Structure formats: C-alpha cells, structure tokens
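Notes for the structure review
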Amino acid sequence: MRIRLLFSIFALSALFLTSCKDETTPSPASFQLTFQPTYDGQALETNKEYNYGTFPVVFTRFNLYLSDIVLLKGTEEFKLSDIEYVNFTPDNATTNVAATVSRVYANALDAGTYTGIRLGFGVRPDLNAKKPADFSPGTPLYQESEYWPGWKSYIFSKIEGYAYPGGSGTAVLDLTYHCGGDQCYKSFTFSHDIVVTEDGGKATLNMDLKKLFTFSGQLFDLETTPSSMHGSSGVTLMETLMGNFGNAVVVQ
C-alpha cells in the first residue's frame, strides 16, 4: 500500500513538472520604429525645388530630437526610448534623397495589439537642463553642434534651406528655422493600431514638411519671417512650429 502511494505521488509530480515545462513564457519581441521625411506626400530630397504656393523652396537640412517614445495599449504605457536624435540630412550623405531613419528596440514588447504611440518633440526639460559634457560620447545628447549655449538648451529641430520668392533662378532667400528652449517642447499622442507578434512589430512615422509649415490651411509666410533666430517673434515662431508636429506626422 505504501509503495503504491509513493508511486502515485511520483507520477503526479512528474506530470506537474512536465506541464510546467511545456507552458513556457514567450520572449519579448523586437520593435522597429521608422522615421520618414516627406514634402507634400513625396520622399524628401535636399537641393530639390518644391512648389511652395507661388514660388519654389529648397530644403538642405532637417533633423530633430524626440523624447519619451512610448507605445500605448489602452491605459498601459510601454517605453521604447528616453531620447533619440533623428538626422534626415547627414553631412556624409551620398545621395540627395533624405535618409529614412530606423531604430530597432530589441526584446521591447510582448505580442499584442497596441493602440497608439506617444512621443515628445524636442528634449524633455530634465534632460534639456544638462549639457553635452554630461553625457557619454556617441549618445544622442553628447553633440555640441546640437546645443545652444546662449539659450542653455539643445536645438530641438533644425530646418534649413532657401527659397526663390521671385521664381526659380531669381534672388535667393535663406531660410533658417532652429527651435529650442523648454517652452518649445511638445508631446503628442497618435492613435493607431500597431500589431506586435512573437516575431516582432513595426511602425512608420511620416513627417511632412509642407504640413509642418501649414497653419489653418495656409502656408506660412516665409518671406516675412525667413528665420526663427531673432527676438520675441522668433520665440513665438519656434513654439508654433514645434506645436505643429502633431499635424505634420502620420503613423503608418
């Protein structure tokens, strides 16, 4: 009787251990986030003339910082990154086609359907209070060229280029739109179903410069204000531009 009881206990234990072994937890999946620059729905190219209302405009530089990149699932939040520097127009580019920039976050998420993404445009205040020397070489915030000592702020975004108000081949109007300062930091949530499987997931953020410079259905007057670098009007323009990224970005 004792032997039979011991055998039954052993058999049940083995069954329990086998069942536990079979019920393995899937490993978190990787997630790829791609940033795609465009103008009026077309791939952005540097040194190319685009129609801007009644005259041509050319873009030569477009880069920006993004903070607190978070995927959403209802009320739950899953952070992918604290800070990213996205440079669509690197100095060493071998083509005029602006770069499509991707970031891959390994073992970042469980499989499932996520309901949207939230991200901050610029450098969030606690990080913006620091300087490049506070960070390690090779990290996004180590770059001296993207810091504005006079403002004690990183340059959240740079958009540079030129326009021909009198038509192609006429006098050139230089354009310089640099934005920075805590007042310019903006966070936006984009609702979009994002499916992540055990094999991974992905999403693309399309950033359209024509939409960025469009306010209430009207293109911004480049001739009147070709730069965001001067005085109180420049500060207002910086805030306005950074605040319009919510209208210029589409998640795909």
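Bear in mind the structure is a predicted one, so any value in this text is a computation, not a measurement. (Residues numbered from 1 in each chain as written. Predicted model: local features only at pLDDT ≥ 70, side-chain atom pairs only at ≥ 80, totals over all residues. Heavy atoms only, no water.)

**Points about the overall build of the protein**
Within the protein, the secondary structure is distributed over five helices and 15 strands. Per element, the accessible surface of the protein, about 13,400 Å² overall, is 52% carbon and sulfur. (Helix = DSSP H or I, 4+ residues; strand = E, 2+ residues; numbered from the N terminus. Areas by Shrake-Rupley, 256 points an atom, 1.4 Å probe, with all protein chains shown as cover.)

**A few points about the packing of aromatic side chains**
What the rule picks out here adds up to 17 aromatic pairs. In this structure an aromatic cluster arises from ring pairing among Y65, Y85, Y147 and Y154. Note that K73 overlies the ring of Y114, its terminal NZ or CZ placed 4.5 Å from the centroid. (Phe/Tyr/Trp six-rings, centres within 6.5 Å; stacked < 30°, edge-to-face > 60°. Lys NZ or Arg CZ within 6 Å of the ring centre and 35° of its normal.)

**So, the pairing of strand β10 (residues 173-180)**
For β10, the tally of buried residues reaches six of eight residues, placing the bulk of the element in the interior. Here eight bridges tie strand β9 (residues 153-163) to β10, and the two strands are oriented antiparallel to one another. Among the inter-strand pairings, I155 is bridged to a residue of β10, identified as G180. (Buried < 20%, exposed > 50% of the residue type's maximum accessible area, 1.4 Å probe, protein only. Pairing = 2+ DSSP bridges.)

**Side note on the pattern of salt bridges**
Overall, the coordinates contain twelve salt bridges when judged by the stated rule. A salt bridge links D40 to K210, with the shortest nitrogen-to-oxygen separation between them at 3.6 Å. You can see D40 sitting in the loop between β1 (29-39) and β2 (42-43) and its partner K210 sitting in helix α3 (residues 209-212), a full 170 residues away along the chain. Between D126 and R124 there is a salt bridge; the shortest N-O distance is 2.6 Å. Put simply, D68, K79, D82, R124 and D126 are held in one network by salt bridges that share partners. (Salt bridge = Lys/Arg side-chain N within 4 Å of Asp/Glu carboxyl O.)

**Digging into the confidence of the model for the protein**
Reading predicted coordinates in detail is not appropriate for stretches of low pLDDT. On average, residues of the protein carry a pLDDT of 91, and 88% of them reach 70 or more. This stretch, residues 5-22, has a pLDDT under 50; its non-local contacts, to residues over four places away or in other chains, come to zero contacts. (pLDDT = per-residue confidence, 0-100. Contact = heavy atoms within 4.5 Å.)

**Observations concerning unusual backbone geometry**
With a phi angle near 55°, D40 is a residue other than glycine that sits in the positive phi range. Owing to a relative accessible area of 48%, D40 belongs among the partly exposed residues under this scheme. Here the phi dihedral of S216 falls at roughly 55°; this positive angle occurs in a residue that is not glycine. Among the structural elements, S216 can be located in the loop between β13 (214-215) and β14 (218-219).

**Here's the deal with the side chain of N244**
Of note, N244 is situated in the loop between α4 (231-243) and α5 (245-248). For N244, a relative accessible area of 5% puts it in the buried group. Here N244 is in contact with K211, L212, F213, T214 and F215, once residues within four sequence places are set aside.

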